[in-house]
Amino acid sequence: MSVETQKETLGFQTEVKQLLHLMIHSLYSNKEIFLRELISNASDAADKLRFEALAKPELLEGGAELKIRLSFDKDAKTVTLEDNGIGMSREEVIAHLGTIAKSGTADFMKNLTGDQKKDSHLIGQFGVGFYSAFIVADKVDVFTRRAGSPASEGVHWSSKGEGDFEVATIDKVERGTRIVLHLKSGEEEFADGWRLRNVVKKYSDHIALPIELPKDPISSQEHGEEADKPAEQEWETVNRASALWTRGRTEVKDEEYQEFYKHVAHDFENPLSWSHNKVEGKLEYTSLLYVPGRAPFDLYQREAPKGLKLYVQRVFIMDQADEFLPLYLRFIKGVVDSNDLSLNVSREILQKDPVIDAMKSALTKRVLDMLEKLAKNEPEQYKQFWKAFGQVLKEGPAEDFANKEKIAGLLRFASTQGDDGEQSVGLADYIGRMKEGQDKVYFLTGETFAQIKNSPHLEVFRKKGIEVLLLTDRIDEWLMSYLTEFDGKHFVDVARGDLDLGKLDSEEDKKAQEEVAKAKEGLLERLKGALGEQVAEVRVSHRLTDSPAILAIGEQDLGLQMRQILEASGQKVPDAKPIFEINPQHPLIEKLDAEADEDRFADLSHILFDQAALAAGDSLKDPAAYVQRLNKLLVELSA
Ligand code: ADP
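Keep in mind the model is a prediction, meaning the values are calculated, not measured. (Residues numbered from 1 in each chain as written. Predicted model: local features only at pLDDT ≥ 70, side-chain atom pairs only at ≥ 80, totals over all residues. Heavy atoms only, no water.)

**Q** I tried to follow the site of the ligand on my own but got confused; where do I start?
**A** Looking at the ligand, there are 13 residues lining it, with Asn 41, Asp 83, His 96, Gly 129 and Phe 130 nearest. Within the side chain of Asn 41, one N or O atom sits 2.8 Å away from an oxygen atom of the ligand. Relative to its unbound accessible surface of 530 Å², the ligand loses 80% to contact with the protein. Of the residues forming the shell around the ligand, the biggest block, four residues, is contributed by helix α2 (residues 33–55). (Near = heavy atom within 4 Å. Polar contact = N/O pair within 3.5 Å; in protein donor to acceptor, adjacent residues only side chain to side chain. Areas by Shrake-Rupley, 256 points an atom, 1.4 Å probe, with all protein chains shown as cover. Helix = DSSP H or I, 4+ residues; strand = E, 2+ residues; numbered from the N terminus.)

The following block contains the structure:
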């Protein structure tokens, strides 16, 4: 054992302690994945070294053959994983193996319930990484040295995975990282060549670096500091050791695609779909894009990782290259490997390079095609996709004008056809079942499905058997300001403007409406007088069958949802006056028309107006006045 200096004991960040606890308790049924996680890190470390060595070849220190070695010691009950990648400095060890850098982690941890079943579900959204070593080990030693640092700046990190860890400076001759797992009692099965080999084949076959195991799997000795060095160990590569995306599509099995996904996405579960393409011609690149099965916990965090892993001619260049896909597809994971970009490409160059624009539009189309296929061929899986990422996809029409129609086709909505509010209706479905004479797509926005499914705005549609999309996501009204048509059919907000049902109303209907409007001119004038400044206009409605009155939004005015969003963000919203529409057939309106007492007429008008606001999901400006008026009427009734 070499001499240890500058030894100190440090506490784990609270979130690490929580993660450790959660992991150990929720992953015991899947414990072999620790090896996948550690190998994944070792492979990333090799990628990083290769990248940094492009500019500083001396980092390779003569040893350019990057690899991972896995060994074990049955007697000592240890498993050792060694890489000759980038390694870590003392500061890096403390930062990376003592804290979690992901933003939003503390909030995520607050969601833990203590119920192991529920929590084990959550860990999948988080990813486990290095700390998964503690699923099988009750002590972990890490020996590491950063490439380019002198041998005297090696670091030894050691922890039992409880509250703290130790770091010390050591001598380490070989560049890179060696991790020694001291297996818990009961986990000795991993100190076995066959077991390790199987786990590597199962989860890490796709790793592009060679993963070597001792040739004789029975009598391995680890070559740790103190182990007696066995006479020249012979090593054997057990994985395929070629970059998966460079292979032909037909050569790669589904399981391999799935395991590779877990490596690039740091996810835990299988993806829903993937698309692997080699492009030749003017541009040459290979892309492998995945649709994850569920949203990561930090999907809506501004700094959450997004983008693809960028390689240039098989050399890793950077993680989170977010120039290759638009923001509304930020949930897509994967790899892009370009033959056109230069090896010393930087983020700044990426932002300006026209090659990137061309790739971005091609990759965007690939993703949209992949989603279309998923929707068509795997409706259940598409449902799952929609639940996880539908809200993000809804940002698409505003961001990506060129693909608006394609994105619109992927959207799913609740409608009056269903009673559970599930977002399952596509625009093509809707158009497919439009009524004869219908040439518009009708929709209504609101706060919740329960609140709008019985809205008076739907009365005439129900009567005529016309489907209406019911949009209740916060983003919907905003979305609909960008979506004006699909497949040549215009969208119409049924709560907005002067509802014209076009051919859905017969000539007789229209004539009758006009006559009624004429006949009620006097009443409309009186109402206008009574309601005064509160309304923009009073008119006879074509929307109602059962309710006495309704409020419509002016054609150009902000709807309720947008108003609430803007108000919540502290912006001043211009006061928009609604249009008050009445149903002349309703007995209350008939009564109102016959009311000779102007005071009572005014009270009743205000009550009808306030009720219409309530039915639209709005709150009353003066609720006490409403209650007073209503009570006055009730008293008169019972007198
Ligand atoms: P993640 O890989 O998701 O970032 P981990 O907890 O697995 O999270 O690892 C944390 C960090 O520790 C890595 O991002 C990397 O910087 C560093 N690290 C882990 N293993 C190695 C290794 N074998 N060589 C160099 N750095 C490593």
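**Q** In this structure, what is going on with the packing of aromatic side chains? I would like to understand it.
**A** Two descriptors summarise a pair of aromatic rings, namely the distance from one centre to the other and the angle between the planes of the rings. If you walk through the whole model with that rule in mind, you get 21 aromatic pairs. Where Phe 331 meets Phe 389, the ring centres are 4.5 Å apart and the plane angle is 15 degrees; that geometry is what we call stacked. Here the residue Phe 331 occupies a position in the loop between β13 (315–321) and β14 (333–338), and Phe 389 occupies one in helix α10 (residues 379–393), the gap between them amounting to 58 residues. Through a chain of ring-to-ring contacts, three or more aromatic side chains come together here, namely Phe 12, Phe 130, Tyr 131, Phe 134, Trp 157 and Phe 165. Above the face of the Phe 268 ring, Arg 36 is positioned so that its terminal group lies 5.8 Å from the ring centre. Above the ring of Phe 601, the side-chain terminus of Arg 526 is found at 3.9 Å from the ring centroid. (Phe/Tyr/Trp six-rings, centres within 6.5 Å; stacked < 30°, edge-to-face > 60°. Lys NZ or Arg CZ within 6 Å of the ring centre and 35° of its normal.)

**Q** Help me understand the side chain of Ser 287 in this model?
**A** With respect to the secondary-structure elements, Ser 287 resides in strand β11 (residues 285–291). Using a relative accessible area of 0% as the deciding quantity, one classes Ser 287 as buried. Not counting the four nearest positions on each side in its chain, Ser 287 is found in contact with Ser 275, His 276, Asn 277, Val 335, Val 336, Leu 363 and Arg 366. (Buried < 20%, exposed > 50% of the residue type's maximum accessible area, 1.4 Å probe, protein only. Contact = heavy atoms within 4.5 Å.)

**Q** Which parts of the structure should I look at to understand the pattern of salt bridges?
**A** If you walk through the whole model with that rule in mind, you get 54 salt bridges. Two residues, Glu 32 and Lys 202, come together in a salt bridge whose shortest N-O distance is 2.8 Å. Placement of the pair is Glu 32 in the loop between α1 (14–26) and α2 and Lys 202 in helix α6 (residues 193–204), with a sequence separation of 170 residues. Of the residues examined, Glu 32 reaches a relative accessible area of 13% and is grouped as buried. Between Glu 52 and Arg 146 there is a salt bridge whose closest N-O contact spans 3.1 Å. With Glu 52 in helix α2 and Arg 146 in the loop between β4 (137–145) and β5 (154–159), the pair connects residues that are 94 residues apart, well separated along the chain. (Salt bridge = Lys/Arg side-chain N within 4 Å of Asp/Glu carboxyl O.)

**Q** Please explain the side chain of Thr 105 as it appears in this structure.
**A** As for its placement among the helices and strands, Thr 105 is situated in helix α4 (residues 105–110). Not counting residues up to four positions away in its chain, the partners in contact with Thr 105 are Glu 15, Ile 100, Phe 126 and Phe 297.

**Q** Would you take a moment to explain the packing of helix α20 (residues 587–594) against helix α21 (residues 598–615) for this structure?
**A** Helix-helix packing: each pair is described by the crossing angle between the helix axes and the interaxial distance. Two numbers describe how α20 lies on α21: the axes approach to 10 Å, and their chain directions differ by 155 degrees. It follows that α20 is roughly antiparallel to α21 by the angle criterion. The handedness of the crossing between α20 and α21 is left-handed. Within the contact between the two elements, α20 uses Leu 588, Ile 589 and Leu 592 and α21 uses Phe 601, Leu 604, Ser 605 and Leu 608. For the contact of α20 with α21, the residue count by class is six nonpolar, one polar and no charged. (Axes fitted to C-alpha atoms, helices over the stretch in contact; angles between N-to-C directions. Parallel < 35°, antiparallel > 145°, perpendicular 65-115°, else oblique. Left-handed = near helix turned anticlockwise from the far one by under 90°. Nonpolar A, V, L, I, M, F, W, Y, C, P; charged D, E, K, R; others polar.)

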